[in-house]
Amino acid sequence: MNFRLENLCKLKSDGTFLFRDVSFSLKERDILTISGPSGVGKTTLLKCIAQLTIYEEGDVYLNERTPEEHGITVWRTRVMYVPQRTPIMPGTPMEFYNKMLNFGAQRTIYHVDPIEISQKWDIKEELWNKEWTQLSGGESQRISLAIALSCKPNVLLLDEPTSALDPTTCLLVEKTLKEYTCILVTHSPEQESRLATNTYKLNPYNPNQDVLLSLD
Ligand SMILES: Nc1ncnc2c1ncn2[C@@H]1O[C@H](COP(=O)(O)OP(=O)(O)OP(=O)(O)O)[C@@H](O)[C@H]1O
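Residues numbered from 1 in each chain as written. Predicted model: local features only at pLDDT ≥ 70, side-chain atom pairs only at ≥ 80, totals over all residues.

Per an unreviewed UniProt entry, the protein chain is named P-loop containing nucleoside triphosphate hydrolase protein, and its organism is Glomus cerebriforme.

### Section: the overall build of the protein chain
Note the following rule: Strands here mean DSSP runs of E at least two residues long; helices mean DSSP runs of H or I at least four residues long; both are numbered from the N terminus. It is over C-alpha atoms that the radius of gyration is taken, and the globule rule equals 2.2 Å times the number of residues to the power 0.38. To sort residues by burial, count the other C-beta atoms lying within 10 Å of each one's C-beta; a count of 20 or more means buried, 12 or fewer means exposed, and anything in between means partly exposed. C-beta atoms are built from the backbone. Two residues form a contact once the distance between their C-beta atoms, set from the backbone, is within 7 Å.
A count of helices and strands for the protein chain gives nine helices and eight strands. Its C-alpha atoms give the protein chain a radius of gyration of 18 Å, near enough to 17 Å, the size a compact globule of 216 residues would have. For the protein chain, buried positions account for 33% of its 216 residues. Summarising the internal contacts of the protein chain: among those between residues at least 6 apart in sequence, 74% fall at separations of at least 24.

### Observations regarding the site of the ligand
Where we set the bar: We call a residue near a molecule or strand when its C-beta atom, built from the backbone, sits within 6 Å of it. Any residue that is not Ala, Val, Leu, Ile, Met, Phe, Trp, Tyr, Cys, Pro, Asp, Glu, Lys or Arg is counted as polar, Gly included; the first ten are nonpolar and the last four charged.
The immediate surroundings of the ligand are formed by K12, S13, L18, S38, G39, V40, G41, K42, T43, T44 and T53. In terms of residue count, the dominant contributor to the shell around the ligand is helix α1 (residues 42-49) (three residues). Grouping the amino acids of the shell around the ligand by side-chain chemistry returns two nonpolar, seven polar and two charged.

### A look at the sheet that holds strand β8 (residues 198-201)
Basically, it comes down to this: In this analysis, strands are considered paired if DSSP registers two or more bridges between them. Interaxial angles span 0 to 180 degrees and are taken between N-to-C directions of axes, which are lines fitted to C-alpha atoms, for helices over the stretch in contact.
Strand order in the open sheet formed by five strands is β5-β6-β7-β3-β8, with parallel pairing between adjacent strands. With one partner strand each, in any of the chains shown, β5 (79-82) and β8 form the two edges of the open sheet. On average, each strand axis in the sheet is inclined to that of its neighbour by 15 degrees, with strand direction left out of account. In this sheet, strand β7 (residues 182-185) lies alongside strand β3 (residues 31-35) in parallel orientation, the contact comprising four bridges. Its bridge partner lying in β7, I31 is registered against C182. In the packing of α1 onto the sheet, the strands contacted are β3, β5, β6 (155-159) and β7, and the crossing angle to β7 comes to about 155 degrees.

### A word on the pairing of β3
Most of β3 sits out of view: five of its five residues are buried. Side chains I31, T33 and S35 project from β3 onto one buried face, and the interleaved L32 and I34 project onto a second face that is buried too. With four bridges joining them, β3 and β8 adopt parallel strand pairing. Paired with I34 across the bridge in β8 is Y200.

See below:
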C-alpha cells in the first residue's frame, strides 16, 4: 500500500489560502500525525483527502491511482474519514452498522466484527443496541471508530479520535490504531510521540512566503 499527497492547496471563502502545497506520503502501518493551531485547517485537510470538500489544486493517490480512477464512493471506503464528533443520528449503532453492510461499495468488503474491536476498549456489547442519543461522547466516539476499523480501509483519516476518552482508554485505542495506517489529527504532543511514525505541522499560511519565493 502506498498513499501520496502532492501540493494540495485549499482556498478560504475570501480567496486567500487556508493551506498551500501540502505534501506527504505514507506506507503500510504508518501513522502520520497532523498538528497545528486551532483553525489552521487540519479538519479541512482531512475532508479534502476524503473528497468530502473540494480543493483548488493538488493530487492525492492511493496505490498510484487518483480518487476519480478508484471511483469516489470506493475511495471513501478505502480512505475513510472519521469525524471528531459522531453526527446526531437516529437509531442504534447496530442498526447503523447493518445498514452500512448493505451499502454499495461496502457489500464487497469482508468486515471484521466491530463489536469485538470495541470490547478491547471497554465497550460492552449491549451498548450497540442503545440509541446513539443515549450514548456518552466517549462511547459514541469509540463505537464510530470501531465501525470504521471494521471496514478495513487502506488509510484512516482520524480527527482527534481520542478527544473524549480518559487517559487509560486512550492508550487502549492507541494500541489498536498501531495496527492500521492512519492520518491522525492531534493536539497532544504526548500522543504524537507515542504514535507517530511521521509528523506534519500545519502552520498558518503566510503570504509573505510568496513574495520571498517570487524574488528567488
Ligand atoms: N469547505 C471550506 N472551504 C473554505 N474554508 C473552510 C471550509 N471548511 C472550513 N473552512 C474554514 O477553514 C478554517 C479551518 O477550519 P478547520 O476546522 O479545518 O480547522 P482545524 O485546524 O481543524 O481547527 P481545530 O483545531 O479548532 O479543530 C476555518 O476558518 C473554517 O471556517
